[in-house]
Amino acid sequence: MTEGKQHVQRVFSGVQPTGNLHLGNYLGAVRNFVRLQDDYECVYCIVDLHAITVRQEPETLRRSIRELAAAYLACGVDPQRSAIFNQSQVSQHAELGWVLNCIARMGWLNRMTQFKEKAGKDREKASVGLYDYPVLQAADILAYRATHVPIGEDQKQHIELCRDIAAKFNNDYEVEDFFPLPEPLIQSAAARVMSLRDGSKKMSKSDPSDASRINLTDDADQIAKKIRKAKTDPEPLPDTVEGLEERPEARNLVGIYAALNDQSVEAVVTEFAGKQFGTFKPALADLAVAKLGPIAEEMQRHLADLSHIDEILAKGAERAEAIAEPVVREVYDVMGLLRTR
Ligand code: TYM
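Only a predicted model underlies this, so the values are computations on that prediction, with no experimental measurement involved. (Residues numbered from 1 in each chain as written. Predicted model: local features only at pLDDT ≥ 70, side-chain atom pairs only at ≥ 80, totals over all residues. Heavy atoms only, no water.)

A. Region of interest: the site of the ligand. Taken together, 27 residues lie near the ligand, and Tyr133, Asp140, Gly152, Asp154 and Val193 sit nearest. Between the ligand and the protein, one listed contact pairs an oxygen atom with a side-chain N or O atom of Asn25 at 3.1 Å. In the environment of the ligand, a nitrogen atom lies 2.8 Å from a nitrogen or oxygen atom belonging to the backbone of Val193. Residue composition of the shell around the ligand, by class: twelve nonpolar, eleven polar and four charged. (Near = heavy atom within 4 Å. Polar contact = N/O pair within 3.5 Å; in protein donor to acceptor, adjacent residues only side chain to side chain. Nonpolar A, V, L, I, M, F, W, Y, C, P; charged D, E, K, R; others polar.)

B. Molecular detail of unusual backbone geometry. You will see that Glu174, though not glycine, has its phi angle at about 50°, which is positive. Take Glu174: it is sitting in the loop between α8 (156–172) and β5 (183–185). Among the residues examined, Glu174 registers a relative accessible area of 72% and is labelled exposed. The backbone of Asp177 shows a phi angle near 65°, a positive value even though the residue is not glycine. Inspection of the secondary structure assignment puts Asp177 in the loop between α8 and β5. Judged by relative accessible area, which is 14%, Asp177 ranks as buried. (Helix = DSSP H or I, 4+ residues; strand = E, 2+ residues; numbered from the N terminus. Buried < 20%, exposed > 50% of the residue type's maximum accessible area, 1.4 Å probe, protein only.)

C. Fine view of α8. The end-to-end C-alpha distance of α8 is 24 Å, a good match for the 24 Å that 17 residues give at a rise of 1.5 Å each. Those residues of α8 that sit buried are His158, Ile159, Leu161, Cys162, Arg163, Ile165, Ala166, Phe169 and Asn170. Looking one or two places after α8, you find Glu174, whose phi comes out positive at around 50°. (Expected span 1.5 Å × (residues − 1).)

D. Geometry of the side chain of Ser195. Within the secondary structure, Ser195 is located in the loop between β5 and α9 (220–229). Residue classification places Ser195 among the buried residues on the basis of a relative accessible area of 2%. Within polar-contact distance, the side chain of Ser195 engages the backbone nitrogen of Arg197 at 2.9 Å. Beyond its immediate sequence surroundings of up to four residues, Ser195 is in contact with Lys201, Lys202, Met203, Asp207, Ser212 and Asn252. (Contact = heavy atoms within 4.5 Å.)

E. Region of the structure containing the packing of aromatic side chains. Under the definition given, this model contains 13 aromatic pairs. Judged by centre distance (4.9 Å) and plane angle (85°), the rings of Phe178 and Phe179 are edge-to-face. Across this residue pair, the class does not change: Phe178 and Phe179 are buried. On the basis of an interplanar angle of 80° and a centroid distance of 4.9 Å, the ring pair of Phe272 and Phe280 is categorised as edge-to-face. Given a relative accessible area of 8%, Phe272 falls into the buried group. For Phe280, a relative accessible area of 0% gives the class buried. (Phe/Tyr/Trp six-rings, centres within 6.5 Å; stacked < 30°, edge-to-face > 60°.)

F. Broad picture of the domain arrangement of the protein. For the protein, the domain assignment lists domain 1 (3–192 + 305–335) and domain 2 (210–301). Using C-alpha coordinates to define each centre, domain 1 is positioned 30 Å away from domain 2. The interface of domain 1 with domain 2 comprises 17 residues on the first partner and 16 residues on the second. The contact between domain 1 and domain 2 buries some 1,300 Å² in all, and 67% of this surface belongs to carbon and sulfur atoms. When the area that domain 1 buries against domain 2 is broken down by residue, the three leading residues are Asn20, Leu23 and Ala74, summing to 35%. Linking domain 1 to domain 2 there are one salt bridge. Here Arg35 and Asp262 are joined by a salt bridge, their closest N and O atoms 3.0 Å apart. The set of elements that each furnish at least two residues to the side of domain 1 that touches domain 2 consists of α1 (23–36) and α3 (58–75). Here the residues of the side of domain 1 that touches domain 2 are counted per class, giving ten nonpolar, two polar and five charged. (Domains from an automatic or database assignment. Buried area = accessible area lost by both parts, 1.4 Å probe. Salt bridge = Lys/Arg side-chain N within 4 Å of Asp/Glu carboxyl O.)

Here is the structure:
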């Protein structure tokens, strides 16, 4: 593991503009983006080139990119401090993606579990982009020589792949420490927020049931209804954290409460020990409404001024390019790609 000695401590992360942000995205990733701004130079991307690995309707995609920008802002990502932009406006992502395609090995990509999940049974019909997706993700991170990557648990394997690609480049071209090996930053309390309908599946934008997730745009009634209907078991809440072990739905709801309220799971278990879900669920609903309501409002406020959002994305792209452009040039030089201008 490198210490990233000569590298600026820099955070990079991204979210796909494919539908609403949900509570898993927020607690697992975006909330952490906001906190990291205090200590790091941060680059936060709307990864539209990743979104097109599956077919997107152009108008919907354009709208989703701006909505995700509004969601970043509403959650507290600050464009004065962090670069906020969409990936396709900074060509270095795609350029470095190609270079890294020539470094990454087929065998490495064949092990990626997310491709297997997303491609489903008919793998022959998946786009080449979907297969290659983790290499573009590595390019996203390495174009900025990012040292830290805040993500949910499901992205960990992709960051490990990015480290392998970075190490192979450094090694093959004998440029020690050219790329830092980025560290994943995973929030333990909400690393994997699960579906409200099935405690064994992660909360996901692609779940056909909207009741399985809380969207950041849901209103108070929708949030309360989804929590009321969330799957649980018939037992009261336990008095120890261990008592949650074989109870995935209960563990998920307690975990959400703890994360939303910035408490430990122990503290929540102590508070609600022996209580029925009939007591716990309304408390969770009130908490969720109190924390998420202001975000939904802020998001609407930002969406009322699309030209402001576009300006932020344009400035963010300029800032991002100023970091990534010299890195990609250096990569070309190291590899012997001749530049005459
Ligand atoms: P995406 O768009 O699927 O998700 C965005 C972020 O939300 C996290 N997340 C969750 N965390 C906890 N519980 C859940 N149920 C949950 N669902 C999603 C994800 O882990 C992620 O951090 N490939 C990435 C986007 C990407 C990226 C990058 C991330 C592209 N390039 C470079 C980091 C660095 C993705 O599809 O995330």
